[in-house]
Amino acid sequence: MAMAATNYKFEGWVGEDESSAEGKMVWKDYEPKKWEETDVDIKITHCGICGSDIHVLRSGWRKAPYPVVVGHEIVGVAVRVGSKAEGNIKVGDVVGVGAQSDSCLNRDADFKCAECGEESENYCTRGTVTYASKHRNGDKSYGGYARYHRCPSHFVFKIPDGLAPEFAAPMLCGGVTVYSPLKHFGAGPGKRVGIVGVGGLGHFAVLFAKALGADEVVGISRRESKRQDALDLGCTDYIATEDDKDWETKYARRLDIIISTVSSPKMPFSGYLGLLRLDGTLVQVGLPEGDLPFRPSSLTGARRRVAGSGIGSPHEIREMLQLAVDKKVKPWVEKRPMSDANQAIVDFEAGKPRFRYVLINDE
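Per chain, residue numbering runs from 1 following the sequence as it is written. Side-chain atom pairs in this predicted model are given and counted only at pLDDT of 80 or more, local residue features only at pLDDT of at least 70, and totals for whole chains, interfaces and linings cover all residues. Side-chain measures were taken over the full set of non-hydrogen atoms in the model, leaving aside hydrogen atoms and water.

- Within an unreviewed UniProt entry, the label attached to the protein reads alcohol dehydrogenase (NADP(+)), and the organism entered is Purpureocillium lavendulum.
- UniProt positions are given in the numbering used here, feature names are shortened, and annotations may be inferred rather than shown by experiment. In UniProt, the protein has this text filed under Sequence similarities (unreviewed entry): "Belongs to the zinc-containing alcohol dehydrogenase family."
- Under the Cofactor (unreviewed entry) heading, UniProt states for the protein: "Zn(2+)".

Written out as structure tokens, the structure is:
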């Protein structure tokens, strides 16, 4: 049953140009998408900071459609639920929204979408990113560095009991971005998994590879200084590619699956491929703003594959949240006040979080 609109207004941290990525977002009102009876309004309590937020604020991938409100790791309380909402969501439920907030869902009679039909809505060619994108009704999407968020209910998830909201929030993008390829490419018992980049995404990959039962989880980063963090997270071994000059030889053909979370085009990509065993797969989930060169011979020598993976489907997000409860997955998060968002994104870009910042509305 729909709840009548209350007297809240949509306001948040608005990026008005490229300088917003330097901590110059402005707090102001904005107009959310028009209300539809399939929607849910959420009073935001928590919102994770993701690297995508910075890329968009500074127009790193492409020109951003300013003004933008970023943030797509949203957790809060449902305050208005449309009469046609999915998911048995009720007013007062703790819910979350990840990096996707709309897709075609096969609602067009003249367009049959294989991806939505197969519960792979995250690959729908008509999908909507939670911010800086457009909903199916043509209205602009706004994210979670804000007080309230409006989202089609298909992409709103109940947060299961036993999962703290500050843990759940960064799982909704960062967590599922690595959970999805780990699950899809079989990172379970009997498998040796490498994680490139022991940071925000990478630490989730270590935690979920362990939760899925991988035999070995090897952290891979540039410097020896990350070794202890990697071992504390649950890695069974660690490779420092700049401090160990023999790493490519020493660890050759060691791994079945590698998840690369790094967003620098300067990574030793061909070297990573050499770590894969016969029929091994490297999945690139980090999105550099430049190209990744590598030698085709890095693939042909052991029938290796390079794959990509983007966020996760609603089905995968629900599955991941339940796994997090069952296996007591606890990401490393630091809470920051929503009022401090400008400084938090500057600190994030400087590499200070260990390993995710979560903004908290202080009301």
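Now, onward.
1. Structural notes on the overall build of the protein
Thought 1: Secondary structure is summarised from DSSP: a helix means a run of H or I of at least four residues, a strand means a run of E of at least two, and numbering begins at the N terminus for each. Helix and strand counts for the protein stand at 10 helices and 17 strands.
Thought 2: Within these notes, the globule rule equals 2.2 Å times the number of residues to the 0.38 power, and the radius of gyration is based on C-alpha atoms. Rg of the C-alpha trace for the protein: 20 Å, near the compact-globule value of 21 Å for 363 residues, within the 12% margin.
Thought 3: For the C-alpha atoms alone, the extent of the protein along its principal axes is close to 65 × 45 × 40 Å.
Thought 4: Relative to its full complement of 363 residues, the protein shows a buried share of 57%.
Thought 5: Considering only intrachain contacts with a sequence separation of at least 6, the fraction spanning at least 24 residues in the protein is 70%.
Thought 6: In this description, accessible areas are obtained by the Shrake-Rupley approach with a 1.4 Å probe, and a residue is regarded as covered only by the protein chains that are shown. If you sum the accessible surface of the protein, you get close to 15,500 Å²; carbon and sulfur atoms cover 49% of it.
Thought 7: Counted charges follow a simple rule, with Lys and Arg positive, Asp and Glu negative, and His plus the chain ends left uncounted. Here the site of a charge means NZ on Lys, CZ on Arg, CG on Asp, or CD on Glu. Charge centroids of the protein, computed over 48 positive and 49 negative side chains, lie 2 Å from each other. The rule is simple: take the accessible area with a 1.4 Å probe, protein chains only, and divide by the maximum for that residue type; under 20% is buried, over 50% is exposed, in between is partly exposed. Contacts were defined at the residue level, with two residues in contact if any of their heavy atoms lie within 4.5 Å.

2. Things to note about the packing of aromatic side chains
Thought 1: A pair of aromatic rings is counted whenever rings of Phe, Tyr or Trp (Trp by its six-membered ring) have centres within 6.5 Å, and the orientation is called stacked for planes under 30 degrees apart, edge-to-face for over 60 and tilted otherwise. Across all of its chains, the model carries 11 aromatic pairs by this definition.
Thought 2: The ring of Tyr357 carries the charged tip of Arg336 above its face, separated from the ring centre by 4.8 Å. Here, over-ring charges are defined by two tests on the NZ atom of lysine or the CZ atom of arginine: distance to the ring centre within 6 Å, and angle to the ring normal within 35 degrees.

3. Brief notes about helix H3 (residues 165-184)
Thought 1: The reported bend at a residue is simply the angle between two axes, fitted to the 7 residues ending at it and to the 7 residues beginning with it. Maximum bend of H3: about 60 degrees, positioned at Met171.
Thought 2: Across the 20 residues of H3, 17 count as buried, placing the element largely inside the fold.
Thought 3: At the exit of H3 stands Gly186, carrying a positive phi of roughly 85 degrees.

4. Considering the sheet that holds strand E14 (residues 276-284)
Thought 1: Strand pairing requires that DSSP identify at least two bridges connecting the strands. In spatial order, the strands read E12-E11-E10-E13-E14-E15; together these 6 strands make up an open sheet with parallel pairing. Two strands lie at the open edges of the sheet, namely strand E12 (237-240) and strand E15 (305-308), each paired on one side alone. Adjacent strand axes in the sheet meet at a mean angle of 20 degrees when their direction is disregarded.
Thought 2: The pairing of E14 with E15 spans 4 bridges and is parallel. In this analysis, axes come from line fits to C-alpha atoms, helices being fitted only over the stretch in contact, and the angle between any two N-to-C directions falls in the range 0 to 180 degrees.

5. So, the nonpolar core
Thought 1: Only buried Ala, Val, Leu, Ile, Met, Phe, Trp, Tyr and Cys residues count toward a nonpolar core, and they belong to the same one when joined by side-chain atoms within 4.5 Å. With 46 residues, the main nonpolar core has Leu163, Met171, Leu182, Phe208, Ile259, Met320 and Leu321 as its most contacted residues.
Thought 2: Secondary-structure elements contributing two or more residues to this core are H3, strand E10 (192-196), helix H4 (200-211), helix H5 (227-233), E12, strand E13 (255-260) and helix H9 (314-326).
Thought 3: Broken down by element, the residue count for this core peaks at 9 residues, all from H3.
Thought 4: Residues Trp13, Val79, Ala344 and Phe348 belong to the second largest nonpolar core, which totals 42 residues.

6. What about the pattern of salt bridges?
Thought 1: What counts as a salt bridge is simple: a side-chain nitrogen of Lys or Arg found within 4 Å of a carboxyl oxygen of Asp or Glu. Tallied over the entire structure, the rule returns 28 salt bridges.
Thought 2: A salt bridge links Lys335 to Glu166, with the shortest nitrogen-to-oxygen separation between them at 4.0 Å. Residue Lys335 is found in strand E16 (residues 333-337), and its partner Glu166 is found in helix H3; the two are separated by 169 residues along the sequence.
Thought 3: Given a relative accessible area of 17%, Glu166 falls into the buried group.
Thought 4: Several salt bridges converge on common partners, so that one network encompasses Arg192, Glu216, Asp237 and Arg254.

7. Some points on the pairing of E16
Thought 1: Bridge count for E16 against strand E17 (residues 356-360) is 5 bridges, and the pairing is parallel. Residue Pro337 lies in a different strand from E17, and its bridge partner there is Ile360.
Thought 2: A crossover counts as right-handed when, viewed with the strands pointing away from the observer, the path leading from the first strand over the helix to the second turns clockwise. What joins E16 to E17 is helix H10 (residues 341-349), and the crossover it makes is right-handed.

8. Here we look at the UniProt feature "domain: Enoyl reductase (ER)" (unreviewed entry) in the protein
Thought 1: Summarizing the sequence annotation, UniProt attributes the feature "domain: Enoyl reductase (ER)" (unreviewed entry) to residues 23-359 in the numbering used throughout.
Thought 2: Along residues 23-359 one finds 25% helix and 24% strand; the C-alpha atoms at either end are 14 Å apart.

9. Considerations on unusual backbone geometry
Thought 1: Residue Pro67 is bonded to the preceding Tyr66 through a cis peptide linkage, with omega at -5 degrees.
Thought 2: In the segment running from Arg354 into Phe355, the intervening peptide bond is cis, with an omega of 5 degrees.
Thought 3: When you line up the elements, Phe355 lands in the loop between H10 and E17.
Thought 4: Phi is positive for Arg303, which is not a glycine, with a value near 50 degrees.
Thought 5: On the secondary structure map, Arg303 appears in the loop between helix H8 (297-300) and E15.
Thought 6: For Arg303, a relative accessible area of 55% puts it in the exposed group.
Thought 7: Positive phi is not limited to glycine here, since Lys328 has a value of about 55 degrees.

10. Here we look at the packing of H3 against H9
Thought 1: Between H3 and H9, the shortest axis-to-axis distance is 10 Å and the interhelical angle comes to 95 degrees. In terms of orientation, H3 lies roughly perpendicular with respect to H9. Listed contacts from H9 to Met171, Leu172, Gly175, Val176, Tyr179, Ser180 and Lys183 of H3 are Glu316, Ile317, Glu319, Met320, Leu321, Leu323 and Ala324.
Thought 2: Taken together, the residues that form the contact of H3 with H9 break down as 9 nonpolar, 2 polar and 3 charged. Any angle that is under 35 degrees is reported as roughly parallel, and any over 145 degrees as roughly antiparallel; angles of 65 to 115 degrees are reported as roughly perpendicular and all others as oblique. Side-chain classes are defined by residue name, with Ala, Val, Leu, Ile, Met, Phe, Trp, Tyr, Cys and Pro counting as nonpolar, Asp, Glu, Lys and Arg as charged, and the others, Gly among them, as polar.

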